Amino acid sequence: MSHSVVENKKEIFMGYRDDFIEQGYVLLEGAIDDELLADLRVAVQPLHKELEAGKASSYRKQTVLKPDVFHRAYIDFLNLEIYNEAAHEILEDDDPMFSGQACLTGSLEQRICGWHRDFADNNPEMPELLTMPNSCIQTNCAIYDDESLWIIPGSHSRPTNKEERDYQAKFEGLGFVDLKEEYLARDESIPGSMPGAMHAKLKAGDCLLYNPFLWHAAEYRPEWKRATLCGGFKPVPFVHRFKNLRWGLPHNPWCQEPEYMGDLGTYFGPGMKHYCEMALEYPDGPA
Ligand SMILES: O=C(O)CCC(=O)C(=O)O
Ligand SMILES: [Fe+2]
């Protein structure tokens, strides 16, 4: 690669960091090429079979690296250069921890995952984490076109405002993911009626890198075939410093003996090593 191409890339990635700090998200369009997309569609087939058979325990498969559903395509995905280099630049850390890999699969019923931050405003660590707009990255990488997710840009670096709090109060008592009719009975235009809401529409192959402290919501429709890889990156020093960032560490005991996955690759290998070390140091995760 010529010097100018490398320089150009660096500039683009620095732009990603500025956008992520400001808005709380960056969209990497077409980050997954067609060949890898085809392999990933094979990889997720068992997850859709489980969902269609009514055997899925949730609207996501939390651990796609578990041996019974593992597929080599996940490792190729986790080593995508643009995905990793963008994350490193955003976090200002070339050696972050892998933070687990789930696949969001949707629902057999019309449902809403209500508006939330992944940690509530009254969580003791939140005031400080809200002053650190690039402390961690969560990802939604679409294997099929995916219009499920909604976000409030910029909400990752400030406390919840009155409009958001008042809106949220309308849904008190509903489940985190509940039937759409239950949500519609409280507000007929959820999710788009939340003040500041933006529909995060992904095309197959797009990767959204976002801060999970953003206010976000999702809609699940049975007619939407959904397989969206949800994972992320965390800087190791912040995992030591913040309990919240240890969420997910107990989820993958099989990662301590990863031989069945084959070569872990140049990006995922080091990220996974950190994950394994941290899982041993903090076996109870955030507890
Ligand atoms: O389905 C999604 O895209 C979002 C799910 C979510 O926000 C969550 O489970 O915390
Ligand atoms: Fe969430």
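Criteria and thresholds
- Residues numbered from 1 in each chain as written.
- Chains lettered and ligands numbered in written order.
- Predicted model: local features only at pLDDT ≥ 70, side-chain atom pairs only at ≥ 80, totals over all residues.
- Buried ≥ 20, exposed ≤ 12 C-beta atoms within 10 Å, placed from the backbone.
- Helix = DSSP H or I, 4+ residues; strand = E, 2+ residues; numbered from the N terminus.
- Pairing = 2+ DSSP bridges.
- Near = placed C-beta within 6 Å.
- Nonpolar A, V, L, I, M, F, W, Y, C, P; charged D, E, K, R; others polar.
- Core = buried A, V, L, I, M, F, W, Y, C linked by C-beta atoms within 7 Å.
- Contact = placed C-beta atoms within 7 Å.

Most of strand S5 (residues 137-142) sits inside the fold, with six of its six residues counted as buried. Judged by which residues are buried, S5 turns out to be covered on both faces: Ile137, Thr139 and Cys141 on one side and Gln138, Asn140 and Ala142 on the other are all buried. Two strands pair when backbone bridges link them, and S5 and strand S11 (residues 228-234) are joined in this way by six bridges, in the antiparallel orientation. When the bridges of S11 are listed, asparagine 140 appears paired with cysteine 230. Looking at chain direction, S5 and strand S9 (residues 207-210) are connected through four bridges and run antiparallel. Looking at S9, one finds that threonine 139 is bridged to leucine 209.

Turning to the site of ligand 1, a few remarks are in order. Close to ligand 1 lie Leu104, Cys113, Asp118, Asn140, Ser148, Leu149, His216 and Ala218, which account for all nearby residues. Taken together, the residues that form the shell around ligand 1 break down as four nonpolar, three polar and one charged.

The biggest cluster of nonpolar side chains holds 76 residues, and the ones touching the most others in it are Ile90, Ile151 and Leu209. Beyond its immediate sequence surroundings of up to four residues, isoleucine 151 is in contact with Tyr25, Met198, Ala200, Tyr210, Leu214, Trp215 and His216.

Another point: the environment of proline 222. With respect to the helices and strands, proline 222 occurs in the loop between strand S10 (216-220) and S11. For proline 222, a count of 14 C-beta atoms within 10 Å translates into the label partly exposed. Placed 113 residues apart in sequence, proline 222 and glutamate 109 show a C-alpha to C-alpha distance of 5.6 Å. Once residues lying within four places of it in the same chain are set aside, the contact partners of proline 222 are Ser107, Leu108, Glu109 and Gln110.

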